[in-house]
Structure formats: structure tokens, C-alpha cells
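# Overview (structure and organization)
What follows is each chain in one-letter form.
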Amino acid sequence: MPAIVLIGAQWGDEGKGKVTDLLGERVDYVVRYSGGNNAGHTVITPDGQKYALHLMPSGALSPSAMIVIGNGVVVDPKVLLSEIDGLAERGVDVSRLRISGDAHLIMPHHSALDRVVERYLGQARIGTTGRGIGPAYGDKVARMGIRLQDLLDPGILRKKLDLVLREKNQMLFKVYNRKALDVEAVAQEYLEYAERLRPYIAETRVMLWDALDRGEIVLLEGAQATMLDLDHGTYPFVTSSNPTAGGACVGAGIPPTAISKVIGVTKAYTTRVGSGPFPTELFDDNGAHLRKVGAEYGTTTGRERRCGWFDAVVARYATRLNGITDLVVTKLDVLTGLAKVPICVGYEIEGERFDDMPMTQTAFHHATPIYEEHDGWWEDISKVRSEADLPANARRYIERIEELCGTRVSVVGVGPGREENVIRHPLI
Ligand code: IMP
């Protein structure tokens, strides 16, 4: 089995960490390929320990897999080091970590600009995580980024920093009335990080190709999700990278022909953090139920997540865009106790019916969901492990999702723990 891609099929926080963890012991390499510490995976291990990871792939908790941060990730070294230390303190072996020398660094001016630009945008803000993600990718595209490998050459680091801060300090000071950053102080800070990160920096592409040649399993773990993709999501209310399956090839340096499986994770309902259109969003008691029972608060920022019904238009879009071969539907248990569980099967936009995503953002902003009502169930499903033991209405709900998305639902999550799943088809 060659490379497997794992992606979020909605707006993030679908429970990808749980799936990585579920596969963890079978895979040889777990690779993050996009995003940075804007992500947040909560993983609960069999001994009941809860871990919140932001930059490290969630597979870091499986004892044997090599952990890789690919070239497509933007790395805040301070955050990475604190995650390395936090995991080491809890007895996790972090010597398995390798970071691509081509990954870009998040620098102090990136986080400063992220926050100040958001404030400047006011009502029109994106609702970013404030971690400097957009500005870091912006510099990468503008070819003024600083990469992990630059940490290994103090002369180059100072030269690049001096160049980039000439422009950024003007922006910070003259446009946004913020303090300019001192080149030498930043260089010193980053050179200290360099000393600690040096053993982890590697040519990860060759490592992964060699692993694939040996027939080992490489899991490419997406952060964020399809609808937050810079090109395919709800632009501009998106992140600044490509979390979709295509981005896995670019962000890890893996050829498309090496990918044999794409696992898409979706909640049994929908959530979103930050601004942007969300047709099935609920503002009533049902929304409050989903938030409360689903504990819908961000792992990274602690923000309340916006909650709504399952949107099959989005899920089908994600299935086709990413070539999802297996869907994992998480948090089905959160729907327990609701009399009706509607599924959005299409949109009405200015009198016209859409079964697929409309072409423009303006239309998507005006989309009214067309719902199909399903009867709910009351039974506690958290102990259910086989499909046959699910209440009939819960089973029908999953079968309908499968039908609407046009791909099989392989796993259904019935609780937050690693074991709390109904496996319909083994993932590997
Ligand atoms: P950024 O990635 O910090 O630039 O934020 C851009 C948008 O993506 C905002 O709406 C964030 O709330 C959203 N976002 C970024 N990372 C995540 C995530 O891991 N889960 C959910 N939303 C996210």
C-alpha cells in the first residue's frame, strides 16, 4: 500500500487527528504537508490522556511511525520546540521527527502583521487564528520567505532577514503604527532555535521516496480542510495553503501516482470557525445542542465554533475534488436525542435550485439550504461497535450520506475516544 492522503471534507476540525491516530500503528510515516500552527488536533489515547497538537502531525502519538513536517508547512520554531518539549515530557519519543529544509519559517513580523491587518479590516476580517499563516505564505509566494535551511547558515539568515525587514518594518511602523523589529535581535532568537532544531532538519523528499520504494505506508495528513483551501474553498475566507489532496503532492514532494487512497473526514453535522459563508448554520436550540454536546470550541484559539446541519453539497464537492475513496463520519453521537436530523441536499439561490456548489461566492452567500428531514434516535450509541447495533434511523442517516456523496462511509465515530468507532470497511 503506497501513500494515503487524509483530508478534512468541510471547514476543519472534523476529527482528522482521531483517524490518524486510529491508523497510526499501521503506518510507517506520518507527514504534515500544509498549514502551520493554525491547526489543532485533539487526540485522546487509550490511557485517556488528552493531547492538543498544533504543528506536529497527530501521528506523533503513535509509538513507531516516523514523523515528517513537509516542505509545504509553515513552521513557527518556538511553537514547534514547545511541542517537542511537551511531548518529550510525557514520554513520547520525538527523535523520530524530520522537518523539510524547504519548509518556510513563521517570523515575528508575520504574526505581528496577521494580527494588525485583521484589526485594520474590521468587519471585513477573515477571522484568522492570528498565527502569522497568511503573511508567511505571502512571503513564500513573493520569494522573500526564510526557510528552515536558512537557520543552518547564520550569514544567509541575517542577510535575508535584513532585506525582508527593510520592507516589513516600514509597513509595521508607517502603515500600522507598530514598533519596528530589530534585525539582530530576531537573528539571535532564531539562531538559538536553530541549534535545537538542527538534528531534525532533513531532505524529507528522498526519505519518503525511499520509504515508498520499500513498500512502506506513508500517511499524508492534511490540516484545515477542503472549504478552507486557498483555491477551492470559500475565498477569501480561507487559509493560505492547499489542504486538499492535490496539495499533499506539492507539500510533501510525493508524486500523484503514489497515492492509492484518499480518506475524507466529515462530521455528522457541520462547524466552522472564523468568518465566511455557511449555508446550514443554525442560530437556534439545535445549534446550541451541537455546540454543547459536541464541545465545539477551537483547539487553537478557544473560539466558539459556528454549528449547523450536515451539508451534502459541500461533502459531495469535497468527495469529487479530492477523489475521496473512504469517508469517515465523526461525532454521530452528538446527534443523539434530536427529534429530527435534517440533511441539506441542495441550495435555492434566487429561485433556482443548485445540487452542486454555485460558481460565485456571491451566489454561495445567498444560498438557502434545501433540507431532507430524517427521524432522529434516542439510544446511547457510544458503546456501539458494529453497524448492525446502530439504531435504524442512525444507520439510515449514514447510508443517505453515502448515497449523496457517492462514495462509501468506512468509519463512523460514536465518541471521542480512539476506540469509539463503528468500522464498516477497514481503512487499511
Ligand atoms: P488562518 O489559517 O489563521 O490564516 O485563518 C484563516 C481561516 O481558516 C480562519 O477562518 C480560521 O478560523 C480558519 N482555520 C485555520 N485553521 C483552522 C483549523 O485548523 N480548523 C478550523 N478552521 C481553521
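Residues numbered from 1 in each chain as written. Predicted model: local features only at pLDDT ≥ 70, side-chain atom pairs only at ≥ 80, totals over all residues. Heavy atoms only, no water.

### Comments concerning the sheet that holds strand β11 (residues 259-267)
The sheet built from ten strands is open, its strands ordered β9-β7-β5-β2-β10-β1-β11-β15-β19-β20 with mixed pairing. Each of the sheet's edge strands pairs with one partner strand only, and the pair in question is β9 (201-202) and β20 (421-423). Sheet analysis places strand β2 (residues 29-32) next to strand β10 (residues 218-221), joined by four bridges and oriented parallel. The partner of Arg32 across the bridge, within β10, is Glu221. (Pairing = 2+ DSSP bridges. Helix = DSSP H or I, 4+ residues; strand = E, 2+ residues; numbered from the N terminus.)

### Quick notes on the packing of helix α3 (residues 108-121) against helix α4 (residues 133-141)
For any two helices packed against each other, one specifies the inter-axial angle together with the distance between the axes. Axis separation between α3 and α4 bottoms out at 7 Å; the angle between their running directions is 120°. Accordingly, the angle class assigned to the pair α3 and α4 is oblique. Pair α3 / α4 crosses with right-handed handedness. Seen from α3, the contacting residues are His109, His110, Leu113 and Asp114; seen from α4, they are Ile133, Pro135, Ala136 and Asp139. Looking at the contact of α3 with α4 residue by residue, the class counts come to four nonpolar, two polar and two charged. (Axes fitted to C-alpha atoms, helices over the stretch in contact; angles between N-to-C directions. Parallel < 35°, antiparallel > 145°, perpendicular 65-115°, else oblique. Left-handed = near helix turned anticlockwise from the far one by under 90°. Contact = heavy atoms within 4.5 Å. Nonpolar A, V, L, I, M, F, W, Y, C, P; charged D, E, K, R; others polar.)

### Observations regarding the state of the cysteines
Joining two cysteines, a disulfide is a covalent bond between their sulfur atoms. Summed over the entire model, instances satisfying the criterion amount to zero disulfides. With no disulfide partner, Cys307 has as its closest neighbouring cysteine sulfur the one in Cys344, 16 Å distant. For Cys307, a relative accessible area of 0% puts it in the buried group. Free of any disulfide, Cys405 has its nearest cysteine sulfur in Cys344, 11 Å distant. By relative accessible area, which is 5% here, Cys405 ends up buried. (Disulfide = S-S within 2.5 Å. Buried < 20%, exposed > 50% of the residue type's maximum accessible area, 1.4 Å probe, protein only.)

### Section: the nonpolar core
Residues Leu220, Leu332, Leu335 and Tyr397 are the most contacted members of the largest nonpolar core, which totals 55 residues. Broken down by element, the residue count for this core peaks at six residues, all from helix α12 (residues 392-405). Ignoring anything within four residues of it in the chain, the contact list for Tyr397 reads Ala268, Phe310, Leu332, Leu335, Val341, Pro342, Ile343, His374 and Trp377. (Core = buried A, V, L, I, M, F, W, Y, C linked by side-chain atoms within 4.5 Å.)

### Overview of the site of the ligand
The immediate surroundings of the ligand are formed by 16 residues, with Asp13, Asn38, Thr129, Thr239 and Arg303 found nearest. Thr239 is positioned with one of its side-chain polar atoms (N or O) 2.6 Å from an oxygen atom of the ligand. Between Val273 and the ligand, the recorded distance is 3.2 Å, taken from a backbone N or O atom to an oxygen atom. Here the ligand loses 96% of its free accessible area of 470 Å² to cover by the protein chains. Its residues assigned to classes, the shell around the ligand shows six nonpolar, eight polar and two charged. No fewer than three residues from each of domain 1 (3-91 + 203-423) and domain 2 (104-198) sit in the shell around the ligand. (Near = heavy atom within 4 Å. Polar contact = N/O pair within 3.5 Å; in protein donor to acceptor, adjacent residues only side chain to side chain. Areas by Shrake-Rupley, 256 points an atom, 1.4 Å probe, with all protein chains shown as cover. Domains from an automatic or database assignment.)

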